[in-house]
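Observations on the model geometry
Take a look at the letters that make up each chain.
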Amino acid sequence: MRGVIDAMARAGRPPLHTLTPAQARAAYEVGAGVLEVPKAALPRVEDLHIPARDGAPLPARLYAPTVAGNGAALPLLLYLHGGGFTIGSIATHDVLCRELARLAGCMVVSLDYRLAPEHPFPTASNDAWDALAWLAQHAATLGADPARLAVGGDSAGGTLAAVCAIQARDAGLPLVLQLLIYPGTTAHQDTPSHTEFAHGLVLERAAIGWFFDQYIPSRAEREDWRFAPLLAPDVDGVAPAWIGLAEYDPLVDEGLEYADKLRAAGVAVDLEIYRGVTHEFIKMGRAIPEARQAHADAAAALRSAFRSD
């Protein structure tokens, strides 16, 4: 991990938070696959569009380990990419979604929810829920099993997945799992790990502040649980959770706090803390063995959840 951080420093690229949102997206996309595992070939990869509540067509990509119509309906994971609600895309998380589909033997639908600052809070949250509700209704037409649905994501996508799990509970939509990879859950980034790991470990305090200023500049509005699910009135009855955290990550404390909140409500939680790694490690499988282990662990959690249902 230290070698990766040193190599990033030697590259001398400007920090994303010093760029415009458009420049930051382009820079992140260029570097997103550099440390990924090899891109898995899958028999079925399709681009589609999912309608949002305002009629906007949201791009999505479907990954499946079997061709359409070949065998039983597959369980389905809606995946929501990270990037501080401002950067990231289907393309930046293509390899990760392929790995989850391959290792878990499930269909994965990756969503290009709309990004800030062009689309501020709560657009990303609304888009994520609209996609999940649409997939639940149309799963069978895609070759998926509507009785075996899961939602997941990393970082900001983990936030959106946690929120979707609460909304699914409220809507009476059963989910078998919420897959949360170092999710953001707090309103004001004031846990000890935000101070301890503020500098030099891939995700810095200045970047977090910049991302959230793009998405939700009003600090008062950040008290909304759709931004900070740790502030949700209750999480009783939400889907079981698999939570994967990085030891050296500003977000590690709030991930632990959310695991505690779920457990206190009687929700089954499988928590893994990957030692010696930083935020974003899940996409560094070529260099970081813990990333490949996290891929395997997340896939095992999905397989178990899909079987138990």
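Notes on the structure follow. (Residues numbered from 1 in each chain as written. Predicted model: local features only at pLDDT ≥ 70, side-chain atom pairs only at ≥ 80, totals over all residues. Heavy atoms only, no water.)

Another point: the overall build of the protein chain. On a plain count of helices and strands, the protein chain comes out with nine helices and eight strands. Taken over the C-alpha trace, the protein chain has a radius of gyration of 18 Å; the compact-globule value for 309 residues is 19 Å, and the two agree within 12%. Its C-alpha atoms give the protein chain principal-axis dimensions of roughly 50 × 40 × 35 Å. Across the 309 residues of the protein chain, 57% fall into the buried class. Long-range pairs, those at least 24 residues apart, make up 78% of the contacts in the protein chain between residues at least 6 apart in sequence. Total accessible area on the protein chain is roughly 12,000 Å²; 54% of this is exposed by carbon and sulfur atoms. (Helix = DSSP H or I, 4+ residues; strand = E, 2+ residues; numbered from the N terminus. Rg over C-alpha atoms; globule rule 2.2 N^0.38 Å. Buried < 20%, exposed > 50% of the residue type's maximum accessible area, 1.4 Å probe, protein only. Contact = heavy atoms within 4.5 Å. Areas by Shrake-Rupley, 256 points an atom, 1.4 Å probe, with all protein chains shown as cover.)

This paragraph deals with the environment of Pro15. Mapped onto the elements, Pro15 comes out in the loop between helix H1 (2-11) and helix H2 (21-31). Given the relative accessible area of 40%, Pro15 is considered partly exposed. Separated by 115 residues in sequence, Pro15 and Asp130 have C-alpha atoms that sit 33 Å apart.

What follows concerns the layout of surface pockets. Left-over empty space is what a probe sized like a water molecule reveals as it rolls over the atoms. Empty space within the largest pocket amounts to approximately 1,300 Å³. Every residue lining the largest pocket is counted, 48 residues in all, and those nearest its centre are Met8, Leu16, Tyr28, Val202 and Glu280. The set of elements that each furnish at least two residues to the lining of the largest pocket consists of H1, H2, helix H5 (156-171) and helix H7 (205-215). When residues of the lining of the largest pocket are assigned to their parent elements, the largest contribution, six residues, is made by H1. A breakdown of the residues in the lining of the largest pocket according to their chemical character gives 29 nonpolar, 14 polar and five charged. (1 Å grid on protein atoms, 1.4 Å probe; cavity = no way out; pocket = protein on both sides within 12 Å on 5 of 7 lines; lining within 4 Å. Points joined across faces, edges and corners; volume = space filled by probe spheres on them. Nonpolar A, V, L, I, M, F, W, Y, C, P; charged D, E, K, R; others polar.)

Two numbers describe how helix H4 (residues 123-142) lies on H5: the axes approach to 10 Å, and their chain directions differ by 55°. Considering the angle they form, H4 stands oblique to H5. Crossing handedness for the pair H4 and H5: right-handed. Across the interface between the two elements, Ala124, Ser125, Ala128, Trp129 and Leu132 of H4 pack against Leu160, Val163, Cys164, Gln167, Ala168 and Ala171 of H5. The residue inventory of the contact of H4 with H5, partitioned by class, reads nine nonpolar, two polar and no charged. (Axes fitted to C-alpha atoms, helices over the stretch in contact; angles between N-to-C directions. Parallel < 35°, antiparallel > 145°, perpendicular 65-115°, else oblique. Left-handed = near helix turned anticlockwise from the far one by under 90°.)

The next subject is helix H8 (residues 252-264). Between the first and last C-alpha of H8 there are 18 Å, a value that for 13 residues agrees with the 18 Å anticipated at 1.5 Å per step. Along H8, the residues that are buried comprise Val252, Asp253, Glu254, Gly255, Tyr258, Ala259 and Leu262. Structurally, H8 contributes buried residues whose contacts are with H5, strand E6 (177-181), helix H6 (192-196), strand E7 (241-248) and strand E8 (269-278). Downstream of H8 by a residue or two, Gly266 has a phi angle that is positive, lying close to 85°. (Expected span 1.5 Å × (residues − 1).)

Time to look at the sheet that holds strand E3 (residues 74-80). Across the sheet, which stays open at both edges, the eight strands sit in the order E1-E2-E4-E3-E5-E6-E7-E8 with mixed pairing between neighbours. Two strands in the sheet have a free side with no partner beyond their single neighbour: strand E1 (44-51) and E8. For this sheet the average axis-to-axis angle between neighbouring strands, irrespective of direction, equals 20°. Where E3 and strand E4 (residues 107-111) come together, five bridges link them in parallel fashion. The residue bridging Leu77 from the neighbouring strand is Val108, located in E4. Against the sheet, helix H3 (residues 94-104) contacts E1, strand E2 (57-64), E3, E4 and E6, and its axis sits at roughly 45° relative to E2. Across the sheet, H5 is in contact with E3, strand E5 (144-154) and E6; its angle to E5 comes to roughly 140°. (Pairing = 2+ DSSP bridges.)

Among all residues except glycine, the phi angle is most often negative; among peptide bonds, the trans geometry is most common. Residue Pro117 is reached from Ala116 by a cis peptide bond, and omega for that bond is 5°. The linkage connecting Phe121 with the following residue, Pro122, adopts the cis geometry, with an omega of 5°. With respect to the helices and strands, the residue Pro122 is situated in the loop between E4 and H4. Not every positive phi belongs to a glycine, and Tyr182 is a case in point at roughly 30°. Structurally, Tyr182 is set in the loop between E6 and H6.

Once that is clear, we can look at the packing of aromatic side chains. The geometry of an aromatic ring pair is captured by the separation of the ring centres together with the interplanar angle, meaning the angle of the planes. Within this structure, the stated rule accounts for ten aromatic pairs. Ring geometry for Phe85 and Tyr215: centres 4.0 Å apart, planes at 10°, overall stacked. One end of the pair, Phe85, is in the loop between E3 and H3; the other, Tyr215, is in helix H7, and 130 residues separate them in sequence. A relative accessible area of 1% means that Tyr215 is categorised as buried. One aromatic cluster is present, built from ring pairs that chain together Phe85, Phe121, Phe212, Tyr215 and Phe227. (Phe/Tyr/Trp six-rings, centres within 6.5 Å; stacked < 30°, edge-to-face > 60°.)

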